[in-house]
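Working through the structure, step by step
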Amino acid sequence: MPQVASARAEFLVGMRAFAPLSMSIIPFGVVCGAAASTAGLTPLQASAMSWVIFAGSAQIAATQLFASGAPLLVILATAAIVNLRFLMYAASLATHFRGQNRRWQALIAYLLTDQAFGLTIVHRTQHPERQADLRWFYLGVAGTTWLAWQLATIAGILLGSLVPPSWSLDFIVPLTFIAMVVPLLSDRAMCLAAAAGALASVLLVLPLKLNLIGAALIGVVVGVVAEKLWSRA
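Residues numbered from 1 in each chain as written. Predicted model: local features only at pLDDT ≥ 70, side-chain atom pairs only at ≥ 80, totals over all residues. Heavy atoms only, no water.

**Points about the overall build of the protein chain**
Counting its secondary structure elements, the protein chain contains 12 helices and 0 strands. When the helices and strands of the protein chain are read in sequence order from the N terminus, they spell out α-α-α-α-α-α-α-α-α-α-α-α. For the protein chain, buried positions account for 39% of its 233 residues. For the protein chain, the computed accessible surface area is about 13100 Å², with 72% contributed by carbon and sulfur atoms. (Helix = DSSP H or I, 4+ residues; strand = E, 2+ residues; numbered from the N terminus. Buried < 20%, exposed > 50% of the residue type's maximum accessible area, 1.4 Å probe, protein only. Areas by Shrake-Rupley, 256 points an atom, 1.4 Å probe, with all protein chains shown as cover.)

**Points about helix α6 (residues 85-97)**
With 13 residues, α6 ought to run about 18 Å at 1.5 Å a step, and its terminal C-alpha atoms sit 18 Å apart, in line with that. R85, F86, Y89, L93 and F97 are the residues of α6 that are buried. (Expected span 1.5 Å × (residues − 1).)

**Overview of the side chain of T153**
Relative to the assigned elements, T153 resides in helix α9 (residues 134-159). Not counting chain neighbours up to four residues away, the residues in contact with T153 comprise G29, V30, G33, A46 and S50. (Contact = heavy atoms within 4.5 Å.)

**Points about the packing of helix α3 (residues 43-53) against α9**
Contact geometry for α3 and α9: axes closest at 10 Å, N-to-C directions at 160°. Between α3 and α9, the angle falls in the class roughly antiparallel. α3 and α9 meet at a crossing whose hand is right-handed. Facing P43, A46, S47, S50 and W51 of α3, the residues of α9 in contact are W146, W149, Q150, T153 and I157. (Axes fitted to C-alpha atoms, helices over the stretch in contact; angles between N-to-C directions. Parallel < 35°, antiparallel > 145°, perpendicular 65-115°, else oblique. Left-handed = near helix turned anticlockwise from the far one by under 90°.)

**Some words on the packing of helix α8 (residues 114-126) against α9**
Between two packed helices, what matters for the description is the angle formed by their axes and the separation of those axes. At a closest axis distance of 9 Å, the pairing of α8 and α9 adopts a crossing angle of 145°. Helix-helix and strand crossings are classified by hand; for α8 and α9 the assignment is right-handed. Two secondary-structure elements touch here, α8 through Q115, A116, L119, T120, H123 and R124 and α9 through L134, F137, Y138, V141 and A142. Among the residues making up the contact of α8 with α9, the classes are represented as 7 nonpolar, 3 polar and 1 charged. (Nonpolar A, V, L, I, M, F, W, Y, C, P; charged D, E, K, R; others polar.)

**Comments concerning the environment of A198**
Tracing the chain through its elements places A198 in helix α11 (residues 188-203). Considering only alpha carbons, one finds A198 and I218, 20 residues apart in sequence, at a separation of 9.6 Å.

**Focus on the pattern of salt bridges**
In the structure shown here, the tally under the stated rule is 1 salt bridge. Here D114 ties to R85 by a salt bridge, and the two come within 2.8 Å at their closest N and O atoms. Placement of D114 in helix α8 and of R85 in helix α6 is noted, with a sequence separation of 29 residues between them. Its relative accessible area of 14% is what places R85 among the buried residues. (Salt bridge = Lys/Arg side-chain N within 4 Å of Asp/Glu carboxyl O.)

**Some remarks on the nonpolar core**
Counting 32 residues, the largest nonpolar core has L93, F97, L111, L112, F117, Y138 and W149 as the members making the most contacts within it. Those elements that place two or more of their residues in this core are α2 (22-38), α4 (56-67), α5 (72-82), α6, α7 (102-110), α8 and α9. Among the elements that line this core, the one with the most residues is α9, at 8 residues. If we skip the residues at most four places from it in the chain, Y138 touches L93, F97, I108, L111, L112, A116, T120 and G143. Counting residues in each nonpolar core, the second largest holds 8 residues, with A36, A46, L65 and I157 among its members. (Core = buried A, V, L, I, M, F, W, Y, C linked by side-chain atoms within 4.5 Å.)

**Notes on a nonpolar patch on the surface**
Taken together, I178, V181, V182, L185 and M190 make up a surface patch of nonpolar side chains, about 390 Å² in accessible area. Look at L185 and you get partly exposed, because its relative accessible area is 33%. (Patch = residues over 30% accessible without salt bridge, like charges linked within 9 Å, V, L, I, M, F, W, Y side chains within 5 Å.)

**Some details on the side chain of T144**
Structurally, the position occupied by T144 is in helix α9. Here G140 takes part through its backbone oxygen, which lies 2.6 Å from a polar atom of the side chain of T144. Beyond its immediate sequence surroundings of up to four residues, T144 is in contact with M15, F18 and L139. (Polar contact = N/O pair within 3.5 Å; in protein donor to acceptor, adjacent residues only side chain to side chain.)

In short, shape yes, function no, at least from these values alone.
Written out as C-alpha cells, the structure reads:
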C-alpha cells in the first residue's frame, strides 16, 4: 500500500506540474488543429496526425508542406529532422528509466515531449530521493500533456478558420521552451550552453530547420567543454 500511495502521489504531482504549461500547450494545439483543417486534411486525417506524430513543431511543418503540395517523402523527412532533438532527450532519460520493462519504455518513448522531458529532469534534480517513482511523475506530466493536446487539436479542427492569423499564436512555442529551460540554468556551464545554443539558432542559416539541430549540438558541446575546463580550475 505505501508503494501504491507513493506512485499515486507522484502521478498527481506530475499532473499539477503540467498545469502552468497548459496555458501555452492548449492554444498551440488549437492552432495545429486549425492549420491542419484549413490545409485540406479531413478531420480524421488531422486527428490521426495529432496522435501519431504527437509533436507540435513537426505537425506544423508537415501541414505547411502538405498545403504547398510537397511530395510525401519531403514531408516525412522534414518531420523526422525537426524531431531529431528527441534523440538527445531519450538518451538523457535512458539513464533514469533503463531499468523499466519494454512496455514502460515504449510508453515513455511515445509520450516524450519537450515539456515532459524538461519537467522530469527538473523534478529528478530537485527530488533525487523520489527516483523510484520517477516514472509515475513522468506519466502524470506526459499523459496529461497528451490528453490536453488531443482535445486542443480536436477543438482546432472543429474551429478551423475561425482562429484569425492576426493572433500570431506561434509565439507560445518559444515561451514554452524558455519556461522549461530557465529552471535548469543552475550553474555557469548550463548558462553558457543555453546562451551559445540560443545565439547559434539565430545566426545559423540552414535548410529544413537544421539550424535548430545544429544550435542544440553547439550548445551541448559548449556546455560540456566549459564544465570540464571549470572543473579543472
